[in-house]
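What follows is the residue order along each chain.
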Amino acid sequence: MQASFGAVKLLALDFDGVISDSAPEAFIVALRTFVALRAESVLADDLRALEARSLERGVVTASRLYADFVEFMPLGNRAEDFGVELAALAAGVTLRDQADYDAHKREVVARDPKFLATYHERFYRGRAQFRDTDSDTWHGLLGPYPEFLAILRRRASDCRLAIATAKDRPSVERLLDSYAIADLFPGELVLDKETGESKRAHLTVLQERTGIAFEQIGFMDDKVNHLEDVALLGVRCALAGWGYNGEREHVRARECGFAVCSLGDVEHVLFD
């Protein structure tokens, strides 16, 4: 069992890949957005095949693109990075590590300087439309991690809880209600994509709002690049190993001195 990183006064949690098993929904919205912007793409056939069936979780995760999409997810940071991933899949580009990803992203931007901003705006517009017009299907693609929710409920009195996410607030609030844990997170401590482009911005705002020293704040994310950024503040960091990451990210996290948690040991690491 991993050593605890010590009791903290505030625990900030990423949402996707920590609380919510959200990749199937992100994949569908990302693919719809990409095809809307690049209708001539070979990925349009994949979208048509999916849309011809009911968008159940098993159908979505069986897509030929899905496994690679999830493998690439840890290399990006925000919604527009899904567009970069799909551009790589459309072109048959292999993204083995962060250096590959960053180089490919620069190429995407060089070809179309407006692509990232356009994709970002259209992605969130598409998500809102999906959420509001087909709520049952949307919720069906966004299950929680029940074991972690049970831990949060059990240990909620141990410290203050916050959310630091690149997701949009309406979606987060709806899902917190659906998962029956909205009461654990005060509204002023739920920070969404509008807080800033980096998780360091989120943690800085949380520190200002609570007055709790960075050294007494814990942060859990499923992306190592977010942890590396936030650790510069002095925040204690841990990787959610059940989220969207793999051995590549686990090795890097351990090199940085971050705990790599499983659902079996996360309670001990975060709260004991």
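Residue positions are counted from 1 within each chain, in the order its sequence is given. Thresholds applied to this predicted model are a pLDDT of at least 70 for local features of residues and 80 or more for the giving and counting of side-chain atom pairs; totals over whole chains, interfaces and linings are not thresholded and use all residues. Side-chain measures were taken over the full set of non-hydrogen atoms in the model, leaving aside hydrogen atoms and water.

A.B. asks: Help me out: how do you make sense of the overall build of the protein chain in this one?
C.D. replies: Strands are runs of DSSP state E lasting at least 2 residues, helices are runs of H or I lasting at least 4, and numbering of each runs from the N terminus. Counting its regular elements, the protein chain contains 14 helices and 8 strands. We take the radius of gyration over the C-alpha atoms and set the globule estimate at 2.2 Å times the residue count to the 0.38 power. Here the protein chain has a C-alpha radius of gyration of 18 Å; the compact-globule value for 272 residues is 19 Å, and the two agree. In terms of overall dimensions, the protein chain has C-alpha extents of about 55 × 40 × 35 Å along its principal axes. Looking at the 272 residues of the protein chain, the share that counts as buried comes to 54%. Note on contacts: a residue pair qualifies if any of its non-hydrogen atoms lie within 4.5 Å across the two residues. Residue pairs in contact within the protein chain that sit at least 24 positions apart in sequence constitute 68% of those at least 6 positions apart. Of the roughly 11,400 Å² of accessible surface on the protein chain, 50% is carried by carbon and sulfur atoms. Per-residue accessibility, obtained with a 1.4 Å probe over protein chains only, is compared with the maximum for each type, and a residue is labelled buried under 20%, exposed over 50%, and partly exposed between these values. Only the protein chains shown count as covering a residue, and every accessible area follows the Shrake-Rupley method with a 1.4 Å probe.

A.B. asks: Is there a simple way to explain the pairing of strand β1 (residues 10-13) in this structure?
C.D. replies: Across the two faces of β1 the burial is the same, with L10 and A12 and L11 and L13 all buried. Strand pairing is defined by DSSP finding a minimum of two bridges between the two strands. Examined bridge by bridge, β1 and strand β4 (residues 160-164) share 4 bridges and lie parallel to one another. The partner of A12 across the bridge, within β4, is A162. Pairing of β1 with strand β6 (residues 217-221), which is carried by 4 bridges, proceeds in the parallel orientation. The residue bridging L10 from the neighbouring strand is I217, located in β6.

A.B. asks: Is there a simple way to explain the nonpolar core in this structure?
C.D. replies: It is characteristic of soluble globular proteins that their nonpolar side chains tend to be buried jointly. Ranked by size, the top nonpolar core spans 75 residues in total, and within it I19, F148, F185 and M220 carry the most contacts. A per-element tally of this core places helix α1 (residues 23-37) first, with 9 residues. Apart from residues no more than four positions distant in its own chain, I19 is found in contact with L13, D14, P144, Y145, F148, L149, I163, Y179, I181 and F185. In terms of nonpolar packing, the next biggest core, distinct from the first, is built from 23 residues, A162, A164, L189 and I212 among them. The criterion is simple. A nonpolar core is a set of buried Ala, Val, Leu, Ile, Met, Phe, Trp, Tyr and Cys residues joined through side-chain atoms within 4.5 Å.

A.B. asks: For this particular structure, what's the right way to read helix α9 (residues 146-154)?
C.D. replies: Residues that lie three or four places apart on an α-helix share one face, since the helix turns once every 3.6 residues. Those residues of α9 not exposed but buried are F148, L149, I151 and L152. Each buried residue of α9 lies within a common arc of 160° when the element is viewed along its axis, so the set occupies one face. On its buried face, α9 sits against β1, β3 (143-144), β4, β6 and α14 (266-271). Each C-beta atom gives one direction from the helix axis, and the arc is the one those directions make.

A.B. asks: I keep staring at the pairing of β6 and nothing clicks. Help me out?
C.D. replies: Looking down a regular strand, the side chains alternate between one sheet face and the other. Counting buried residues along β6, 5 of its 5 residues qualify, which places the element largely inside the surrounding structure. Burial along β6 is two-sided: the residues I217, F219 and D221 and G218 and M220 are all buried. In the sheet, β6 pairs with strand β7 (residues 236-240) via 4 bridges, with the strands oriented parallel. Looking across to β7, one finds that M220 is bridged to A238. In the classification by handedness, the crossover that spans β6, the intervening helix α12 (residues 224-231) and the parallel β7 is right-handed. Assignment of crossover handedness uses the view with strands pointing away from the viewer, where a clockwise path from the first strand over the helix to the second indicates a right-handed crossover.

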